[in-house]
There are 2 protein chains.
Amino acid sequence: MLLDNRKKEVLHAIVDDYVSTNEPVGSKSLIERHNFQVSSATLRNDMAELEHLGLIEKPHTSAGRIPSDKGYREYVNSLMTIEELSPKEQLEIEKRIDSSVDEVTDLIKNATHTLSETTGFVSLAMSPRLKKSFLKQLKILMIEPGKALVVMVLSAGVVKDKVVRIPNFLSDEQIMKISGAIEKNLTGKPLDEITLVTVETAGKGTEVPEPLLKQVLYEAYAAIKQADELNIYLDGEHRILELPDFSSLGRARDLLGTLSDSGMVAGYVNEMENAREHSADDSFMIRIGQEITLEGLDDCSFITATYNLTDSVSGNIGVIGPKRMLYSKVISQIDFVKKKLNKEMQRFT
Amino acid sequence: MLLDNRKKEVLHAIVDDYVSTNEPVGSKSLIERHNFQVSSATLRNDMAELEHLGLIEKPHTSAGRIPSDKGYREYVNSLMTIEELSPKEQLEIEKRIDSSVDEVTDLIKNATHTLSETTGFVSLAMSPRLKKSFLKQLKILMIEPGKALVVMVLSAGVVKDKVVRIPNFLSDEQIMKISGAIEKNLTGKPLDEITLVTVETAGKGTEVPEPLLKQVLYEAYAAIKQADELNIYLDGEHRILELPDFSSLGRARDLLGTLSDSGMVAGYVNEMENAREHSADDSFMIRIGQEITLEGLDDCSFITATYNLTDSVSGNIGVIGPKRMLYSKVISQIDFVKKKLNKEMQRFT
DNA sequence: GATTAGCACTCTATCCCTTCGAGTGCCAAC
DNA sequence: GTTGGCACTCGAAGGGATAGAGTGCTAATC
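Residues numbered from 1 in each chain as written. Chains lettered and ligands numbered in written order. Predicted model: local features only at pLDDT ≥ 70, side-chain atom pairs only at ≥ 80, totals over all residues. Heavy atoms only, no water.

### With respect to the overall build of chain A
Here comes step 1: For chain A, the helix and strand inventory stands at twelve helices and ten strands.
Here comes step 2: Taking 2.2 N^0.38 as the reference for a compact globule, 349 residues should give roughly 20 Å; the C-alpha atoms of chain A span a radius of gyration of 26 Å, well beyond that estimate.
Here comes step 3: In terms of overall dimensions, chain A has a C-alpha envelope of 90 × 40 × 35 Å along the principal axes.
Here comes step 4: When each of the 349 residues of chain A is scored for burial, the buried share is 53%.
Here comes step 5: Of the contacts made within chain A by residues no fewer than 6 positions apart, 61% connect residues no fewer than 24 positions apart.
Here comes step 6: When the accessible surface of chain A is totalled, it reaches about 15,800 Å², and 47% of it is carbon and sulfur.
Here comes step 7: Distance from the positive charge centre (42 side chains) to the negative charge centre (53 side chains) of chain A: 1 Å. (Helix = DSSP H or I, 4+ residues; strand = E, 2+ residues; numbered from the N terminus. Rg over C-alpha atoms; globule rule 2.2 N^0.38 Å. Buried < 20%, exposed > 50% of the residue type's maximum accessible area, 1.4 Å probe, protein only. Contact = heavy atoms within 4.5 Å. Areas by Shrake-Rupley, 256 points an atom, 1.4 Å probe, with all protein chains shown as cover. Lys, Arg positive; Asp, Glu negative; His and termini not counted. Charge placed at Lys NZ, Arg CZ, Asp CG, Glu CD.)

Listed below in structure tokens is the structure:
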């Protein structure tokens, strides 16, 4: 974007003022609040130019200007400077992310909740993408005739299990044989390389009658596939109603309606994540306003960072807030939570 | 409540009309809509009387009447007649509560979601109160040095587990010994009779050095206690914004804010449940308006029913909606969902 | 060519006023 | 106990009028 320095400053100032006041910014108040060494008429010319470039817009003829999606984008890409959190803010976050939990899932929920409280927006996290982690243990425990529990320990330090139905007639011993065979042959394999065929092959050689064996193997396969399913954790949805940006009820309703379909949101995060992998920029994903293809999020920005459970196993954590947000602050809050999360996760791997 | 027949009819009509129109009901429109064989002036006298009794009230001097909390209460207790759901509605619910799930938890979430979709309100369910169910199996699986998984099978057909930390030096064999001892001594005991002391006693006699043994026993105890912790499932919170009763944003915000603290809501349901156990009425709990002690629910009614996983293990399922609701319909919807849930649960026990 | 002062114009938000209508309470009559 | 009649009340809706913040444009100035 070809902008001379003053125009950059003007855009910067407009974004800052609009974010903090929630009122369209006029040329006069811009002069009052900032140390521009020119007159308001000059700024008006600059603003007309910025509007022509599509960076700012007028709600109506005689109002001040507000940043457009493109304006926020320019601000985020080129103008803003990330500010570090104060030690006090850092401490607050560290304190809230309770490190005494026993399971990764709880840690993630914890971080998500903290992020919502810290930013005042809706926060969300995706569970780790486990498809690159590999099986370390797999046990099938007989619960009662016809019912068993498949317990899997994954390389990322995660334990998953699933109750499955098995044929009634199977003995404890037979189950242990099957379980042992699967474990022996599949240990060390990344989850995304395990298919029904792999599992069936692994189960061969156990002296269990064919149809019974096949059903157990299928259930084991289903359990493994379930283990790498993605979950999404949302938190602080109610905070939307605290934001003046969503005081119109209609907008709040649309947004909450969309968020209530967590599967859809998860799908969108995945899409974003895949798009990111191909480009080589840093680990933040930022979508502003209409850039977001989910319904009802036109007035939102969607910012996520990538956390890592291990080198190859990662997930996302971030916020959905109004596009009129303090980007520099929010980004560093997410970044700090992410770092803390990464640190705490080391305990599990 | 001493009311002559016509006054009962008037109150009934006011509730019906107000529920369906969301407008204060005047004496004239009451005449128009119902077949009262008296004049509007007579109804005005009756209404003045009902107001004097605190059953209806005026939003302001020259408006019609709306039912008060007490009025709704009288309506629910004595006036309304429960209507059965139509076969079509029943079928719709039966279809939605997917019976192919493998875990009780999923079944409950499923029913909760269905209830929210059916009623259009916020729905909620409590997990089964497992403290009366007893231990059928308990296994401690070594995951890696220092980490184990406690798997418990309960009499109600529920499987619970918890990752716990154990001393690094313990061998597989030692763990199995401890696990076996606990299982042998505690099988058949209701969860609420298991204390740290019981577990420690159960673990005696295993040839494992004292401090190590003690830590494992403590962790096993913690796992058992976690197994009978109550969970709450909320669904459809966003539907609140669809209701005209909460179009004022402030009210919606308060309500959603309260609901976001699911622990508090769970505590309240528990309180209600305990109060119910002492009185001997039927299985519905209905709280209207100010009867609800949770903040921000003054304009709501809270209705729950009790489902049963086994004779002694039960939980709650119900809705939170505006107190201006079609009670007879909503109650039969909850009732039907509850029955369907009970039926499906038999598969698990 | 960039900057500035000045000015006419535009649009919204707010306040005030009026009107309308539904509803009430009360009284006197039935 | 019931009814018709009537004065009264209050909120909702609509219609100016006004104030204020902001704009674009022009002509003068640096």
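### Points about the protein's contact with DNA strand D
Here comes step 1: Taken together, 22 residues form the shell around DNA strand D, and within it A:S27, B:R6, B:S39, B:T42 and B:S62 come nearest.
Here comes step 2: Each atom of DNA strand D within 4 Å of the protein belongs either to a base or to sugar and phosphate, the latter forming 76%.
Here comes step 3: In this structure, a phosphate oxygen belonging to DNA strand D sits 2.9 Å away from a side-chain N or O atom of A:S27.
Here comes step 4: At a separation of 3.3 Å, a base nitrogen of DNA strand D approaches a polar side-chain atom of A:R44.
Here comes step 5: Secondary-structure elements contributing two or more residues to the surface near DNA strand D are helix 2 (27-33) and helix 3 (40-52) of chain A together with helix 3 (40-52) of chain B.
Here comes step 6: For the surface near DNA strand D, the element with the highest residue contribution is helix 3 of chain B, accounting for four residues.
Here comes step 7: Looking at side-chain class alone, the surface near DNA strand D contains four nonpolar, twelve polar and six charged residues. (Near = heavy atom within 4 Å. Polar contact = N/O pair within 3.5 Å; in protein donor to acceptor, adjacent residues only side chain to side chain. Nonpolar A, V, L, I, M, F, W, Y, C, P; charged D, E, K, R; others polar.)

### Focus: the sheet that holds strand 10 (residues 314-322) of chain B
Residues and elements named next belong to chain B.
Here comes step 1: Pairing is antiparallel in the open sheet, where five strands are placed in the order 7-3-10-9-8. The open sheet is flanked by strand 7 (232-235) and strand 8 (285-288), the only strands paired with a single partner. Between one strand and the next, the sheet's axes are offset by a mean angle of 15°, whatever the strand orientation. (Pairing = 2+ DSSP bridges. Axes fitted to C-alpha atoms, helices over the stretch in contact; angles between N-to-C directions.)

### Some thoughts on the interface of chain B and chain A
Here comes step 1: With 32 residues of chain B in contact, the opposing surface of chain A contributes 32 residues.
Here comes step 2: When chain B packs against chain A, the two sides together hide about 2,900 Å² of surface, and 55% of this comes from carbon and sulfur.
Here comes step 3: A salt bridge links A:R165 to B:D102, with the shortest nitrogen-to-oxygen separation between them at 3.2 Å.
Here comes step 4: Across the contact surface, chain B and chain A share 17 residue pairs in polar contact (both at pLDDT 80 or more).
Here comes step 5: Looking at the side of chain B that touches chain A, the elements with two or more residues in it are strand 4 (135-144), strand 5 (147-154), strand 6 (159-165) and helix 10 (250-260) of chain B.
Here comes step 6: No other element matches strand 4 of chain B, which puts six residues into the side of chain B that touches chain A.
Here comes step 7: Considering only residue class, the side of chain B that touches chain A consists of 14 nonpolar, seven polar and eleven charged. (Buried area = accessible area lost by both parts, 1.4 Å probe. Salt bridge = Lys/Arg side-chain N within 4 Å of Asp/Glu carboxyl O.)

### Quick look at the relation of the copies chain B and chain A
Here comes step 1: For the match of chain B to chain A, the screw axis carries a shift of 0.0 Å, the RMSD comes to 0.1 Å, and the turn is 180°. Between the two chains, the operation in question is that of a two-fold axis. No C-alpha of chain B approaches the rotation axis more nearly than that of B:L249, which lies at 3.4 Å.
Here comes step 2: Of the interface residues in chain B, 100% have counterparts in chain A that sit at the interface too, so the contact is made through matching surfaces. (Least-squares fit on C-alpha atoms with pLDDT ≥ 70 in both.)

### Looking at a negative patch on the surface
Here comes step 1: On the surface, A:E242, B:D254, B:E295 and B:D298 cluster together to form a negatively charged patch.
Here comes step 2: On the secondary structure map, B:D298 appears in the loop between strand 8 and strand 9 (300-308). (Patch = residues over 30% accessible without salt bridge, like charges linked within 9 Å, V, L, I, M, F, W, Y side chains within 5 Å.)

### Digging into the packing of helix 5 (residues 87-96) of chain A against helix 12 (residues 327-345) of chain A
Residue and element names in this part refer to chain A.
Here comes step 1: Interhelical geometry of helix 5 versus helix 12 gives an angle of 45° and a closest axis separation of 10 Å. Accordingly, the angle class assigned to the pair helix 5 and helix 12 is oblique. The crossing of helix 5 and helix 12 is right-handed. Each of E89, Q90, I93 and E94 in helix 5 lies in contact with helix 12, whose residues at this interface are K329, F336, V337, K340 and K343.
Here comes step 2: For the contact of helix 5 with helix 12, the residue count by class is three nonpolar, one polar and five charged. (Parallel < 35°, antiparallel > 145°, perpendicular 65-115°, else oblique. Left-handed = near helix turned anticlockwise from the far one by under 90°.)

### Regarding the environment of B:T258
Residues and elements named next belong to chain B.
Here comes step 1: Tracing the sequence through the fold places T258 in helix 10.
Here comes step 2: With relative accessibility at 7%, the residue T258 sits in the buried group.
Here comes step 3: Residues T258 and I175 lie 83 residues apart in sequence; the distance between their C-alpha atoms is 44 Å.
Here comes step 4: Aside from chain neighbours lying at most four places away, what touches T258 is M264, V265, L294, E295, G296 and L297.
Here comes step 5: Only 2.6 Å separates the side chain of T258 from the backbone oxygen of E295, close enough to count as a polar contact.

### As for the packing of aromatic side chains
All names here are of chain A.
Here comes step 1: Scanning the entire structure with this criterion turns up six aromatic pairs over all chains.
Here comes step 2: Considering the side-chain rings of Y72 and Y327, the 5.8 Å spacing of their centres and the 50° angle between planes classify their relative orientation as tilted. In this pair, Y72 is assigned in helix 4 (residues 69-79) and Y327 in helix 12, connecting sequence segments 255 residues apart.
Here comes step 3: For Y72, a relative accessible area of 1% gives the class buried.
Here comes step 4: Ring geometry for Y218 against Y221: centres 6.2 Å apart, planes inclined by 50°, an arrangement best described as tilted. In this pair, Y218 and Y221 are both assigned in helix 9 (residues 210-227), three residues apart and thus about one turn of the helix distant. (Phe/Tyr/Trp six-rings, centres within 6.5 Å; stacked < 30°, edge-to-face > 60°.)

### Observations concerning the protein's contact with DNA strand C
Here comes step 1: DNA strand C sits among 23 residues. The nearest are A:R6, A:S39, A:T42, A:S62 and B:K58.
Here comes step 2: Sugar and phosphate atoms form 74% of the subset of DNA strand C atoms that lie within 4 Å of the protein.
Here comes step 3: At a separation of 3.2 Å, a base oxygen of DNA strand C approaches a polar side-chain atom of A:R44.
Here comes step 4: The side chain of A:T61 places a nitrogen or oxygen atom 3.5 Å from a phosphate oxygen of DNA strand C.
Here comes step 5: At the level of secondary structure, the elements contributing two or more residues to the surface near DNA strand C comprise helix 3 of chain A together with helix 2 (27-33) and helix 3 of chain B.
Here comes step 6: Considering every element that reaches the surface near DNA strand C, the biggest residue donor is helix 3 of chain A, with four residues.
Here comes step 7: Partitioned by chemical class, the residues of the surface near DNA strand C number four nonpolar, 13 polar and six charged.

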